[in-house]
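A look at the structure
Here's the letter readout for the chains.
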Amino acid sequence: LVVDGLLEFDSHSIDPQFMSFQREFAHGSFAPMLLDWSSWPEPVGADSDDPMAWRDSAPLEQTRLNVGSAVSSEYAWYQTSFNVEQPVSDAELFVESQRSNGLLVFIDSAFAGAVEDHSHLLEGNLTMTVKLGYLNSGDHTLSVLSESFGYSNLVGRF
């Protein structure tokens, strides 16, 4: 927070343990009843007919995707197909990402795992690991919802 040109509060000085939390997913028929919330199904991934969908041979980093498409969003879907020749018992997905980011991973439209990083003390990339578990042989669709948790104090970035 800058007031009259003076730095009054710098979020960088907050101890990360006070900002940490753990996401817990509700499963089963009781999930929609929590706090009388309503729920509805949403499709996994981007619709192939969506004019806002961006297609490329390699994933584009989320910040560059937003700048390149003139869209500002904390969320981006990434989707690709892959083939598994032999069943894999303990599959893992490794994703290089910016810090302060979360990933929700779906295999064939079914939730497979999640990982998140809430660090705002450092900038730069890190490799995030999602444990997927068992994968049958055959063709699959991998969908990843990337969720940006913001940028570390934008001083000098742009």
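Everything that follows concerns the structure shown earlier in this document.
Here's a quick rundown of the structure. Just so it is clear, the structure is predicted and the values come from calculations on it, not from any experiment.

1. Things to note about the environment of proline 43
With respect to the helices and strands, the residue proline 43 is situated in the loop between β2 (6–7) and α1 (62–69). Residues proline 43 and serine 109 lie 66 residues apart in sequence; the distance between their C-alpha atoms is 8.1 Å.

2. Regarding the environment of threonine 63
By the element assignment, threonine 63 lies in helix α1. By relative accessible area, which is 13% here, threonine 63 ends up buried. Sequence separation between threonine 63 and alanine 76 is 13 residues; the distance between their C-alpha atoms is 9.7 Å.

3. Here we look at unusual backbone geometry
A positive phi angle, near 60 degrees, is found at serine 100, a position not held by glycine. The backbone of serine 109 sits at a positive phi, close to 70 degrees, despite the residue not being glycine. Residue placement: serine 109 occurs in the loop between β5 (101–107) and β6 (110–117).

4. Overview of the pairing of β6
Pairing of β5 with β6, which is carried by seven bridges, proceeds in the antiparallel orientation. Residue pairing in the sheet places glycine 102 in a bridge with glutamate 116 of β6.

5. Regarding the nonpolar core
Core analysis: the largest hydrophobic core is formed by 14 residues, its most contacted members being Leu93, Val105, Val130, Leu132, Leu142 and Val144. Breaking this core down by element, the ones donating at least two residues are β4 (88–98), β5, β7 (125–135) and β8 (138–148). Top element by residues in this core is β7. It accounts for five residues.

6. Examining the packing of aromatic side chains
For the structure shown, the criterion picks out two aromatic pairs. Taking the centre distance of 5.8 Å and the plane angle of 50 degrees together, the rings of tryptophan 77 and phenylalanine 106 count as tilted. Placement of tryptophan 77 in strand β3 (residues 75–84) and of phenylalanine 106 in strand β5 is noted, with a sequence separation of 29 residues between them. Under the relative-accessibility criterion, phenylalanine 106 is labelled buried at 13%. Ring centres of phenylalanine 106 and phenylalanine 111 lie 5.9 Å apart, and the angle between their planes is 75 degrees; this geometry places the pair in the edge-to-face category. Given the relative accessible area of 40%, phenylalanine 111 is considered partly exposed.

7. Description of the pairing of β5
The buried fraction of β5 amounts to seven of the seven residues, a majority that puts the element mostly inside the structure. Side chains of β5 alternate between two faces, with Asn101, Leu103, Val105 and Ile107 and Gly102, Leu104 and Phe106 buried alike. Turn length for the β5-β6 hairpin, with the two strands adjacent in sequence and antiparallel, is two residues, and the turn residue aspartate 108 shows positive phi of about 50 degrees.

Conventions we followed
Residues numbered from 1 in each chain as written. Predicted model: local features only at pLDDT ≥ 70, side-chain atom pairs only at ≥ 80, totals over all residues. Heavy atoms only, no water. Helix = DSSP H or I, 4+ residues; strand = E, 2+ residues; numbered from the N terminus. Buried < 20%, exposed > 50% of the residue type's maximum accessible area, 1.4 Å probe, protein only. Pairing = 2+ DSSP bridges. Core = buried A, V, L, I, M, F, W, Y, C linked by side-chain atoms within 4.5 Å. Phe/Tyr/Trp six-rings, centres within 6.5 Å; stacked < 30°, edge-to-face > 60°.

So, to be careful, I would describe these as geometric facts and stop short of saying anything about function.
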